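Understanding the architecture of this molecule
Each chain is listed here by its residues.
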Amino acid sequence: MTSRRHAEIAGAGFAGLVAAIALADRGWTVRVHERAEALRAFGAGIFIWENGLRVLKAIGACDDVLAGSHDGEVYEVRDRDRVVAETAFNLAMGSRMLTMTRQTLYAAILGQAERRGIEILTRSEAVGAEPAGVLLTADGARHAADLVVGADGVHSRVRDSLGLRKERDTGTLGLVRVLAPRCLDALGPGRWDRVIDFWNLPHRSLRILYVPCNADDLYLAMMAPVEDEEATAIPVRADIWVPAFPRLEPAIRRISAEGRYDAYETGKLTRWSQGRVAIVGDSAHAMVPSLGQGAGLAMANALGLAVALDEVPGIADALALWEARERPHTERTQDLSARIARERLETAGRIWSDETIRTARSVPTGTGHLPHVLEGLPRPAKSRLDGRDGSMRRGG
């Protein structure tokens, strides 16, 4: 009898856990190393589109995500409270736009890993890897495996120990990512179930992406230049943000204490693997969040890795197939996301087109057995619209 193949994975984030689940489903034994003391996601919000839903369906986590998410349906852009663009996301568009807290997505995926009995070690920090298939941890241990997966984030020590990074482009803009209560009563009349991109560019070049996550939680992605120390400060400074966006004052003043500022970054590697070590997720392809595809592509590429290893017997040949199949699509999305961030001023925020929605509509490897659009999935429950007529007049 052939012994089961074994994988050691650095990082228990979205990519690491999806890789672990997908490998376990294909007969591998798996151990995941997480440097943090507890398994949880950073407390902000996230977008998942049709491609991400397919991956979640393939690993059994989709229903739990839908139960705790919000169906935005419409992405709206406002310049000083005047609506300048809106895009409806529905089956006709080829993708739904689901939003949720990162913890909702994380808990659903972690639950699937736990159901499979996958071993996850907390306070186990990866510090490097050897191409022969050895994961090195901070306690001096060497963990031999048929496959090592580096899913340890933008600052991946596994990746850097192998000298794989080719490019790192850090932009001049970034986001403060925070959660707040929905505050529907305090916000007043309006279509507050929509995802709304608030602009006030003459005022310090600031923007706020207003993102309902569920009936109670609101995600605010607050864009500010890296050099603006006041606007990028944590805790968020209401005296800076409220004058720019007075309509959102009730939410801004109730932002949770937790939060962080991340500069936009695009990262590319010379190659996605070396020997028996594969690099996935932000470790391999950090991207600007313009298209909301960081998590979706991380999960898709993690699933694609397991599929390739199941299709091709040799590790080296499987990793070559995986990279050839997934990398062009991923890097196209990276480049497009960075371009959209640069050109938003020129397009007045009108970012959605057949080109920019292409990734969201795509069919990740290992999900081809699912319908092109997941029509059979229930829609998340709609939270109520506040306001007496449920409308938002153009021009305020």
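The rules we used
- Sequence order as written defines the numbering, with residues in each chain counted from 1.
- The model is predicted, so local features are restricted to residues of pLDDT at least 70 and side-chain atom pairs to those at 80 or more, both for listing and for counting; the totals for chains, interfaces and linings are taken over all residues.
- With hydrogens and water excluded, all non-hydrogen atoms of the structure serve as input to the side-chain values.
- Counted as salt bridges are all cases of a side-chain nitrogen of Lys or Arg within 4 Å of a carboxyl oxygen of Asp or Glu.
- Only protein chains enter the accessibility calculation, which uses a 1.4 Å probe; a residue whose area is less than 20% of its type maximum is buried, one above 50% is exposed, and one in between is partly exposed.
- Helix and strand assignments follow DSSP, with helices taken as H or I runs no shorter than four residues and strands as E runs no shorter than two, numbered in order from the N terminus.
- Here a helix's expected span is defined as the number of its residues, less one, multiplied by 1.5 Å.
- The axes are straight lines fitted to the C-alpha atoms, using for helices just the contacting stretch, and the angles between their N-to-C directions are given from 0 to 180°.
- Orientation categories follow fixed angle ranges, with anything under 35 degrees roughly parallel, anything over 145 roughly antiparallel, 65 to 115 roughly perpendicular, and all other angles oblique.
- Two helices crossing with the near one rotated counterclockwise from the far one by less than a right angle form a left-handed crossing, whereas a clockwise rotation gives a right-handed crossing.
- Contacts are assigned to residue pairs that have any heavy atoms within 4.5 Å of one another.
- Polarity classes work like this: nonpolar for Ala, Val, Leu, Ile, Met, Phe, Trp, Tyr, Cys and Pro, charged for Asp, Glu, Lys and Arg, and polar for all others, with Gly in that last group.
- A strand pair is defined by DSSP finding two or more bridges across the two strands.
- Centres within 6.5 Å are what make two rings of Phe, Tyr or Trp a pair, Trp counting through its six-membered ring; a difference in plane orientation under 30 degrees is then read as stacked, over 60 as edge-to-face, and the rest as tilted.
- The rule for a charge over a ring is simple: NZ of Lys or CZ of Arg within 6 Å of the ring centre, and within 35 degrees of the ring normal.

**Digging into the pattern of salt bridges**
For the structure shown, the criterion picks out 28 salt bridges. Between Asp354 and Arg361 there is a salt bridge, and its shortest N-O distance comes to 3.3 Å. For Asp354, a relative accessible area of 58% puts it in the exposed group. The partly exposed category is assigned to Arg361, whose relative accessible area is 24%. Taken together, the shared-partner salt bridges in this structure form one network comprising Glu76, Arg78, Glu86 and Arg194.

**A short note on helix 1 (residues 14–25)**
An ideal rise of 1.5 Å per residue puts 16 Å on 12 residues; helix 1 measures up with 16 Å between its terminal C-alpha atoms. By the burial criterion, the buried members of helix 1 are Phe14, Ala15, Gly16, Leu17, Val18, Ala19, Ala20, Ile21, Ala22 and Leu23. The positive-phi residue at the C-terminal boundary of helix 1 is Gly27, with phi of around 95°.

**Regarding unusual backbone geometry**
Trans is the common state for peptide bonds, and a negative phi is the common state for residues other than glycine. With an omega of 0°, the peptide bond between Ile234 and Pro235 qualifies as cis. Looking at the secondary structure, you find Pro235 in the loop between strand 16 (217–225) and helix 7 (238–244). A positive phi angle, close to 65°, is found at Glu73, a residue other than glycine. The residue Glu73 is located in the loop between strand 4 (70–71) and strand 5 (74–79) in this model. With relative accessibility at 32%, the residue Glu73 sits in the partly exposed group. Even without being a glycine, Arg123 presents a positive backbone phi close to 50°. With respect to the secondary-structure elements, Arg123 resides in the loop between strand 8 (119–122) and strand 9 (126–130). The exposure class of Arg123 is exposed, given its relative accessible area of 64%.

**Topic: the packing of helix 2 (residues 50–59) against helix 10 (residues 294–311)**
Relative orientation of the contacting elements helix 2 and helix 10 amounts to 45°, with a least axis distance of 9 Å. Accordingly, the angle class assigned to the pair helix 2 and helix 10 is oblique. In the crossing of helix 2 with helix 10, the sense of the turn from one axis to the other is left-handed. For the pair formed by helix 2 and helix 10, the contact residues are Asn51, Gly52, Val55, Leu56 and Ala58 on the first element and Gly296, Met299, Ala300 and Leu303 on the second. Among the residues forming the contact of helix 2 with helix 10, the class breakdown is six nonpolar, three polar and no charged.

**With respect to the pairing of strand 6 (residues 82–88)**
As defined by bridge partners, strand 5 adjoins strand 6 across six bridges and the pair is classed as antiparallel. Residue pairing in the sheet places Asp79 in a bridge with Arg82 of strand 6. With antiparallel pairing between neighbouring strands as the criterion, strand 5 and strand 6 make up a hairpin whose turn holds two residues, including Arg80 at a positive phi of roughly 50°.

**Details of the packing of aromatic side chains**
Inspection of the entire model under this criterion finds 11 aromatic pairs. Taking the centre distance of 5.1 Å and the plane angle of 65° together, the rings of Trp49 and Phe89 count as edge-to-face. A residue pair is termed long-range when its members are at least 10 positions apart, and Trp49 in the loop between strand 3 (45–48) and helix 2 and Phe89 in the loop between strand 6 and strand 7 (98–101) qualify at 40 residues. For the pair Trp241 and Phe245, a centre-to-centre distance of 6.1 Å together with 20° between the ring planes defines the contact as stacked. With a relative accessible area of 0%, Trp241 lands in the buried category. Cluster of aromatic residues (ring-pair linked, three or more members): Phe47, Trp49, Tyr75, Phe89 and Trp352. The ring of Trp192 carries Arg78 above its face, with NZ or CZ at 5.6 Å from the centroid. One Lys or Arg, Arg207, reaches over the ring of Trp199 and ends 5.3 Å from the middle of that ring.

**What to know about the sheet that holds strand 7**
Spatially, 3-7-4 is the arrangement adopted by the three strands of the open sheet, whose pairing is antiparallel. Looking along the sheet, the strands with just one partner apiece sit at the ends: strand 3 and strand 4. Looking at chain direction, strand 3 and strand 7 are connected through four bridges and run antiparallel. Looking at strand 7, one finds that Phe47 is bridged to Thr99.

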